[in-house]
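# Structural features, examined
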Amino acid sequence: MAEDDPEGASEMLARLGVPGKAFVVGVTGPPGTGKSTLVDRLIGSYRSLGLRVGVVAVDPSSPFTGGALLGDRIRMTKHADDMGVFIRSMASRGWTGGLSRATSQAIRLMDAAGFDIVILETVGIGQSDIEVVGVSHVVVVVIMPGLGDGVQASKAGLMEAGDFYVVNKADIEGADAMVVNLLSLFRGRPRSPPVLKVSALSGDGVETLRSAIDVARSKFASGDPALRLKGIRGMIVETARGAVLAKLASVSESKAGKLAEEVMAGRLSVEAAAERLAR
Ligand SMILES: Nc1nc2c(ncn2[C@@H]2O[C@H](COP(=O)(O)OP(=O)(O)OP(=O)(O)O)[C@@H](O)[C@H]2O)c(=O)[nH]1
Ligand SMILES: [Mg+2]
């Protein structure tokens, strides 16, 4: 329902009780850096601690091609018949204003279902993907060697959004150079986020990353309200964003036509028309 009928889902979600008990780990970064492979490793790591893990993987592919959706499933199949793991792939295209809303709704469902950890994987290419990260308690940005200047040139948001930066594929050439690259990028910031070298393929560095994340998780678990409030704030904002975009899409068809006539006749500026539509 969260994906297909967010209005209907809203009614039910409103009855779920106080949200924000699950610890939400956002995993983002450019396409193909190994996010899903790393998520698979993190699932394994959390499972070995006996924690239940929900995963929402937002995929850039169209819901009609299904190619990459399948990719995520294959990469995480190890856990397919583990009752302590629930993996949901969602396409990021296909609904109007639905991405943020469906994503935050899915997280709330997993939270209500009692998962200890929810991992949210998004591709950090668009602004909306970065915004979705607002619902996470910690954000892991996954980079890989060879992205070069692409990293600096990438959406500014990506280099701001992370609590941890992972240089994945440490088993291939250029990982150390990428670490240096990132550290120099962060130099001059009041607090440089940790940069960790990981090979999701071999598993090297995954436990170090998990322990680093655990510092925040233990704060969260001990009832630190700041972190929990941050997550709930993100849920509110993303749910509102989804509702506003859906509303805009549903009214713009009819309303914008009339407004366009007014603008063409010189009775209204584009700005005033937009203001009216927004209201
Ligand atoms: N050499 C090496 N390859 C890796 C590593 N981690 C992932 N890969 C490979 O990189 C490719 C992409 O991995 P994914 O886990 O699908 O990457 P992703 O970031 O989830 O990709 P998208 O969701 O499509 O953006 C796959 O062929 C993986 O096997 C690693 O640590 N080392
Ligand atoms: Mg992926």
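On a predicted model such as this, the values are computed, not experimentally measured, just so you know.

Attention shifts here to the coordination of the magnesium ion (ligand 2). Looking at the metal site, the magnesium ion (ligand 2) is ligated by Ser36 (OG) and Glu121 (OE), spaced 2.1 Å from it. Placement of Ser36 in helix H2 (residues 35-48) and of Glu121 in strand S4 (residues 117-121) is noted, with a sequence separation of 85 residues between them. For Ser36, a relative accessible area of 6% puts it in the buried group. Judged by relative accessible area, which is 5%, Glu121 ranks as buried.

Let us look at the packing of helix H10 (residues 225-264) against helix H11 (residues 270-278). Contact pair H10 / H11: the axes reach a minimum separation of 10 Å and the direction vectors enclose 150°. The pairing of H10 with H11 is recorded here as roughly antiparallel in orientation. In this structure, the crossing between H10 and H11 has a hand that is right-handed. Touching Leu248, Val251, Ser252, Lys255, Leu259 and Val263 of H10 are Val270, Ala273, Arg276 and Leu277, all from H11. Class assignment of the residues belonging to the contact of H10 with H11 gives a composition of 7 nonpolar, 1 polar and 2 charged.

Spatial ordering of the open sheet is given by S3-S2-S4-S1-S5-S6-S7, a layout of 7 strands whose pairing is parallel. Edge positions in the open sheet fall to strand S3 (85-91) and strand S7 (195-197), since each of these has one partner strand only. Here the average twist between neighbouring strands, direction ignored, is 20°. Bridging between strand S2 (residues 53-59) and S3 involves 7 bridges; their strand directions are parallel. From the neighbouring strand, Val56 faces S3, where its bridge partner is Arg88.

Let's shift gears to the environment of Pro19. Inspection of the secondary structure puts Pro19 in the loop between helix H1 (6-13) and strand S1 (23-28). Taking the relative accessible area as the measure of exposure, Pro19 reaches 21% and is therefore partly exposed. When the C-alpha atoms of Pro19 and Met235 are compared, they prove to be 9.3 Å apart, with 216 residues separating the residues in sequence. Residue contacts for Pro19: discarding those within four places in its chain leaves Asp111, Arg228, Ile232 and Met235.

Conventions and cut-offs
Each chain has its residues counted from 1, running along the sequence as written. Just so you know, chain letters begin at A and ligand numbers begin at 1, following the order they were written in. In view of the model being predicted, local features appear only for residues whose pLDDT reaches at least 70, and side-chain atom pairs are presented and counted only at 80 or more, with totals across whole chains, interfaces and linings using the full set of residues. Only hydrogens and water are set aside when side-chain values are computed; all heavy atoms of the structure are taken into account. Note: metal donors comprise N, O and S atoms at 2.8 Å or less from the metal (3.2 Å for Na, K and Ca); water molecules are not included, so apparent gaps in a site are possible. Where helices and strands are cited, they refer to DSSP runs of H or I of at least four residues and of E of at least two residues respectively, numbered from the N terminus. Buried residues are those whose accessible area, probed at 1.4 Å on protein chains only, stays under 20% of the maximum for their type, while exposed residues exceed 50% and partly exposed ones sit between those limits. The axes are straight lines fitted to the C-alpha atoms, using for helices just the contacting stretch, and the angles between their N-to-C directions are given from 0 to 180°. Relative orientations are named as follows: roughly parallel for angles under 35 degrees, roughly antiparallel for angles over 145 degrees, roughly perpendicular for angles from 65 to 115 degrees, and oblique for any other angle. Crossing handedness: left-handed means the near helix sits turned counterclockwise from the far one by under a right angle, and right-handed means the same turn made clockwise. Any two residues whose heavy atoms approach within 4.5 Å at even a single point are treated as in contact. Under the scheme applied here, ten amino acids are nonpolar (Ala, Val, Leu, Ile, Met, Phe, Trp, Tyr, Cys and Pro), four are charged (Asp, Glu, Lys and Arg), and all others, including Gly, are polar. Any two strands with at least two DSSP bridges between them are considered paired.

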